[in-house]
Amino acid sequence: MAGVLGQLPPALLALHAGALADRHSKRRQMITSDLVGAAALATVPVAGALGALALAQLVIVAVVQRAASVLHDAAAISLLPSLVDRSLIQRSNSRVGALFAIAATAGSHLGAALTALLGPARALIGDVAFLISAGCAVRIQTAEPAQAARPKARRL
């Protein structure tokens, strides 16, 4: 059940995540989503240590973390053209896609190893990568393109 609910945010947010990135600071969206994802995941080892971990919490954490990842990825992809020269966009997009695939695969294997070594709740300590990602996003020093204006409502 948690796996299914963890997949709902990408389906529901995918179309809106790009619009959010166009209307707001991409760096801020990346940083905020990383911090929200890290905070949600940090509740699991804390609840596990206190003996209060429940399935409902795991479902909520899965949904929040996946939604944060979708928002982060949309902002990251739309920030890329302001980071590289126009002639390098296709190559850069290919490399970003390859890195996402490598990170997902390596992350799964590393997560399994940490779970076997530390136990399920404490293994989430390895998700400090969200904080590293937020720190890297803070260091991005580029001017973002102008944010899209919100369309004005027409009066009938």
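The structure this text deals with has already been given above.
Here goes a summary of the coordinates provided. (Residues numbered from 1 in each chain as written. Predicted model: local features only at pLDDT ≥ 70, side-chain atom pairs only at ≥ 80, totals over all residues. Heavy atoms only, no water.)

## Quick word on the overall build of the chain
Okay, step 1: Of regular secondary structure, the chain possesses 5 helices and 0 strands.
Okay, step 2: Along the chain direction, N to C, the helices and strands of the chain fall in the order α-α-α-α-α.
Okay, step 3: A burial count over the chain gives 25% of its 156 residues as buried.
Okay, step 4: Taking the intrachain contacts of the chain between residues at least 6 apart in sequence as the baseline, contacts between residues at least 24 apart amount to 81%.
Okay, step 5: Roughly 10,300 Å² of accessible area belongs to the chain as shown, and the carbon and sulfur atoms make up 66% of that amount. (Helix = DSSP H or I, 4+ residues; strand = E, 2+ residues; numbered from the N terminus. Buried < 20%, exposed > 50% of the residue type's maximum accessible area, 1.4 Å probe, protein only. Contact = heavy atoms within 4.5 Å. Areas by Shrake-Rupley, 256 points an atom, 1.4 Å probe, with all protein chains shown as cover.)

## Describing the side chain of His 72
Okay, step 1: For His 72, the position within the fold is in helix α3 (residues 55-83).
Okay, step 2: Aside from chain neighbours lying at most four places away, what touches His 72 is Met 30, Ser 33, Asp 34 and Ser 133.

## Some details on the packing of helix α2 (residues 26-50) against α3
Okay, step 1: Taken N-terminus to C-terminus, the directions of α2 and α3 make an angle of 160 degrees; their axes are 8 Å apart at the nearest point. Between α2 and α3, the interaxial angle falls into the category roughly antiparallel. By crossing handedness, the relation of α2 to α3 is classed as left-handed.
Okay, step 2: Each residue belonging to the contact of α2 with α3 can be placed in one class, and the counts come to 14 nonpolar, 8 polar and 3 charged. (Axes fitted to C-alpha atoms, helices over the stretch in contact; angles between N-to-C directions. Parallel < 35°, antiparallel > 145°, perpendicular 65-115°, else oblique. Left-handed = near helix turned anticlockwise from the far one by under 90°. Nonpolar A, V, L, I, M, F, W, Y, C, P; charged D, E, K, R; others polar.)

## Focus: α2
Okay, step 1: Taking 1.5 Å per residue, 25 residues should reach 36 Å; α2 reaches 37 Å between its end C-alpha atoms and fits that length.
Okay, step 2: With a side-chain oxygen positioned 3.2 Å from the backbone nitrogen of Arg 28, the residue opening α2 is Ser 25.
Okay, step 3: Of the residues trailing α2, Gly 51 is marked for its positive phi of about 75 degrees. (Expected span 1.5 Å × (residues − 1). Polar contact = N/O pair within 3.5 Å; in protein donor to acceptor, adjacent residues only side chain to side chain.)

## Quick word on α3
Okay, step 1: Under the 1.5 Å per step criterion, the end-to-end length of α3 is 41 Å for 29 residues, consistent within 8% with the ideal 42 Å.
Okay, step 2: Along α3, the residues classified as buried are Val 59, Val 61, Gln 65, Ala 67, Ala 68, Ser 69, Val 70, His 72, Ala 74, Ala 75, Leu 79 and Leu 80.

## Things to note about the environment of Thr 115
Okay, step 1: With respect to the helices and strands, the residue Thr 115 is situated in helix α4 (residues 89-118).
Okay, step 2: With sequence-adjacent residues up to four places away left out, Thr 115 is seen in contact with Pro 120 and Ala 123.

## As for a nonpolar patch on the surface
Okay, step 1: A contiguous nonpolar surface patch, about 360 Å² in accessible area, is contributed by Leu 35, Val 128, Leu 131 and Ile 132.
Okay, step 2: Here Val 128 lies in the loop between α4 and α5 (129-138).
Okay, step 3: A relative accessible area of 42% means that Val 128 is categorised as partly exposed. (Patch = residues over 30% accessible without salt bridge, like charges linked within 9 Å, V, L, I, M, F, W, Y side chains within 5 Å. Salt bridge = Lys/Arg side-chain N within 4 Å of Asp/Glu carboxyl O.)

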